[in-house]
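Close look at the chain arrangement
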Amino acid sequence: MYAGYDMQAVDAKSVRELRFEIEEFHTEYCNMLDRGALDQWVDFFAEDSLYRITARENADAGLRVGLVYAEGRGMIRDRAFAIMHTQMFAPRYMQHFTSNVQVISVEGPDLGLGDGSLIKAQSNYLLLQTLVDGPTTIHQSGRYYDTFVREKGRLLIRERQCIYDTVLIANDLVYPV
Amino acid sequence: MYAGYDMQAVDAKSVRELRFEIEEFHTEYCNMLDRGALDQWVDFFAEDSLYRITARENADAGLRVGLVYAEGRGMIRDRAFAIMHTQMFAPRYMQHFTSNVQVISVEGPDLGLGDGSLIKAQSNYLLLQTLVDGPTTIHQSGRYYDTFVREKGRLLIRERQCIYDTVLIANDLVYPV
Amino acid sequence: MYAGYDMQAVDAKSVRELRFEIEEFHTEYCNMLDRGALDQWVDFFAEDSLYRITARENADAGLRVGLVYAEGRGMIRDRAFAIMHTQMFAPRYMQHFTSNVQVISVEGPDLGLGDGSLIKAQSNYLLLQTLVDGPTTIHQSGRYYDTFVREKGRLLIRERQCIYDTVLIANDLVYPV
């Protein structure tokens with residue numbers, strides 16, 4: 001039930017500050033992807049992390065099958081390397097839009113501001129694609145189900161589940177979201 | 001004329017705080033709709049409320065004709081019930097994106113923070129639709145013209161006018177925005 | 001490299017406040033354009049300003065060739081006048097969505113709050129178009145590369161470079177972004 005900002009663990013003001021911080025995280029993360037700076041992708045993840053892209057119908061059915069799955073920074077680095085060194089079928093630009101960030105829960109010291117804190121959040125993302133000489137189209141729309149961990153003051157992804165609505169994805173390029 | 005944040009009734013800092021609160025309202029509201037939790041839709045409305053979806057060309061012409069019209073929580077509850085118990089033509093996912101929230105005016109006690117305050121705001125919304133095995137497409141883009149009332153500390157919709165640009169809406173499903 | 005909010009010139013809290021202010025600038029600016037109030041467009045620019053729309057492939061190649069170029073408030077006013085008095089090929093609605101605002105650097109007095117301060121920022125924009133009786137489509141997606149100057153307390157555009165991904169733009173109407 002809708003109850004406004006009424007969380008038990010932390011007060012509303014702290015939750016809002018975390019929301020802002022997560023928005024800024026998304027902005028830096030998406031800008032990195034949109035610039036194609038995939039060598040920096042791993043910098044957004046904690047050592048012990050999980051990254052998965054799953055169709056919403058599978059997620060709703062409780063299936064853990066994913067379009068993409070990476071566990072740990074090593075696998076994430078490998079995946080970035082693979083994408084960077086794969087000849088794409090056709091050159092294209094990608095652009096990410098994030099919105100509607102929602103802090104779900106906060107665990108740990110100092111209302112989420114202390115190192116080791118775990119912050120769960122959900123956000124909408126929209127990934128646009130532009131092929132050379134083509135129109136800009138919706139490549140994928142979905143929702144991030146994130147768990148962030150704070151290390152040395154800043155947020156890192158502990159777990160990112162990207163649940164996408166768009167079933168009909170051009171599978172030739174599974175670009176990160 | 002553009003004049004930065006220079007409102008007479010309230011100071012800029014309070015207006016910004018209200019903007020944040022409305023963003024969070026939209027996020028919870030849209031998430032509820034996107035999850036299909038229509039039984040909770042009515043919880044976002046005040047008892048004495050108005051909900052209307054109108055084409056921009058009708059709104060511009062001053063016509064109060066609407067695609068959807070509901071007055072009071074009873075009618076809103078009825079409408080939610082009808083949608084939930086109607087066999088859809090085809091299963092689909094909906095996803096709402098909101099942005100560009102603008103506080104227009106504030107009336108009432110304590111710069112909009114007191115109960116009974118009325119806050120007018122406008123925001124852009126984008127509603128995406130994904131049919132099973134189809135691409136994600138733009139179902140409707142438009143602008144919320146909202147009046148919120150504060151009750152027991154939280155915002156509720158007193159009036160929501162959804163003015164949509166997209167004339168060519170698949171009328172078989174008039175899903176809430 | 002991603003380093004969280006760790007800028008040298010200003011502290012994180014000030015940067016965030018500037019981010020909010022720029023979001024509000026975009027909201028007012030885009031709403032003005034979406035209402036078709038082009039006579040007010042020039043009010044968002046400093047006297048000594050630059051406005052340019054450039055394809056990303058040209059920008060990436062360092063080419064300063066632009067789809068649209070205007071230098072100074074006079075040229076911007078002329079351009080607005082021209083668009084307002086041109087018979088459009090077909091009537092249409094435009095809607096701008098902005099997101100992922102990122103403050104890049106701040107120069108000047110009082111952490112960007114003093115008059116004469118220069119604030120560089122980048123933001124994503126999505127421009128939707130709806131032709132009468134047609135669907136809503138993506139007209140242009142891109143990124144603002146802005147320099148704002150503060151004058152009499154409020155932000156004005158000193159330089160706006162709109163770098164668009166969408167190469168296939170309907171050139172019959174080069175509407176502002």
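A short tour of the structure in this document, coming up.

Section: the overall build of chain A
Broken down by element type, chain A carries three helices and six strands. Starting at the N terminus and walking to the C terminus, you meet the elements of chain A as α-β-α-β-α-β-β-β-β. Residues classed as buried in chain A amount to 59% of the 177 residues present. Expressed as a percentage of contacts within chain A between residues at least 6 apart in sequence, the contacts between residues at least 24 apart total 63%. In the form shown here, chain A has an accessible surface area of approximately 7500 Å², with 52% of it arising from carbon and sulfur atoms.

As for the relation of the copies chain B and chain C
One chain copy maps onto the other through a rotation about an axis and a shift parallel to that axis. Its rotation angle being 120°, the transformation that places chain B on chain C also includes 0.0 Å of axial translation and leaves an RMSD of 0.0 Å. In the structure described here, the two chain copies are related by an operation that fits a three-fold rotation axis. Rotation axis and chain B: the residue whose C-alpha lies nearest the axis is Ser99 of chain B, separated from it by 4.2 Å. Different-surface contact between copies: only 11% of interface residues of chain B are shared with the interface of chain C.

What to know about the packing of helix 1 (residues 12-34) of chain A against helix 1 (residues 12-34) of chain C
One can describe the packing of helix 1 of chain A onto helix 1 of chain C by two numbers: an axis separation of 12 Å at closest approach and a directional angle of 80°. With respect to their mutual orientation, helix 1 of chain A and helix 1 of chain C come out roughly perpendicular. Of helix 1 of chain C, the residues touching helix 1 of chain A (which contributes Glu17, Phe20, Glu21, Glu23 and Glu24 of chain A) are Arg16, Arg19 and Phe20 of chain C. In terms of residue class, the contact of helix 1 of chain A with helix 1 of chain C is made up of two nonpolar, no polar and six charged.

As for the sheet that holds strand 4 (residues 118-131) of chain C
Residues and elements named next belong to chain C. The strand order across the open sheet formed by six strands is 2-1-6-5-4-3, and the pairing between neighbours is mixed. Strand pairing shows two members of the sheet lacking a second neighbour, strand 2 (68-71) and strand 3 (92-107), which therefore form its edges. Taking each pair of neighbouring strands and ignoring which way they run, the sheet shows an average axis angle of 20°. Summarising the sheet, strand 5 (residues 136-151) and strand 6 (residues 154-164) pair through 10 bridges and their orientation is antiparallel. By the bridge assignment, Glu151 is partnered in strand 6 with Arg154. Its contacts with the sheet place helix 3 (residues 72-84) against strand 1 (45-55) and strand 2, and it is angled at close to 60° to strand 1.

Side note on the interface of chain A and chain B
Listed by partner, the interface residues are 27 residues for chain A and 34 residues for chain B. Summed over both sides, the interface between chain A and chain B buries roughly 2600 Å², with carbon and sulfur atoms accounting for 49% of that surface. Inspection of the region where chain A meets chain B yields four salt bridges. For Glu23 of chain B, the salt bridge is made with Arg19 of chain A, and the minimal N-O distance between the two is 2.7 Å. Every element with two or more residues in the side of chain A that touches chain B is listed here: helix 1, helix 2 (56-60), strand 3 (92-107), strand 4 (118-131) and strand 5 (136-151) of chain A. Among the residues forming the side of chain A that touches chain B, the class breakdown is 11 nonpolar, nine polar and seven charged.

Analysis parameters
- Residues numbered from 1 in each chain as written.
- Chains lettered and ligands numbered in written order.
- Predicted model: local features only at pLDDT ≥ 70, side-chain atom pairs only at ≥ 80, totals over all residues.
- Heavy atoms only, no water.
- Helix = DSSP H or I, 4+ residues; strand = E, 2+ residues; numbered from the N terminus.
- Buried < 20%, exposed > 50% of the residue type's maximum accessible area, 1.4 Å probe, protein only.
- Contact = heavy atoms within 4.5 Å.
- Areas by Shrake-Rupley, 256 points an atom, 1.4 Å probe, with all protein chains shown as cover.
- Least-squares fit on C-alpha atoms with pLDDT ≥ 70 in both.
- Axes fitted to C-alpha atoms, helices over the stretch in contact; angles between N-to-C directions.
- Parallel < 35°, antiparallel > 145°, perpendicular 65-115°, else oblique.
- Nonpolar A, V, L, I, M, F, W, Y, C, P; charged D, E, K, R; others polar.
- Pairing = 2+ DSSP bridges.
- Buried area = accessible area lost by both parts, 1.4 Å probe.
- Salt bridge = Lys/Arg side-chain N within 4 Å of Asp/Glu carboxyl O.

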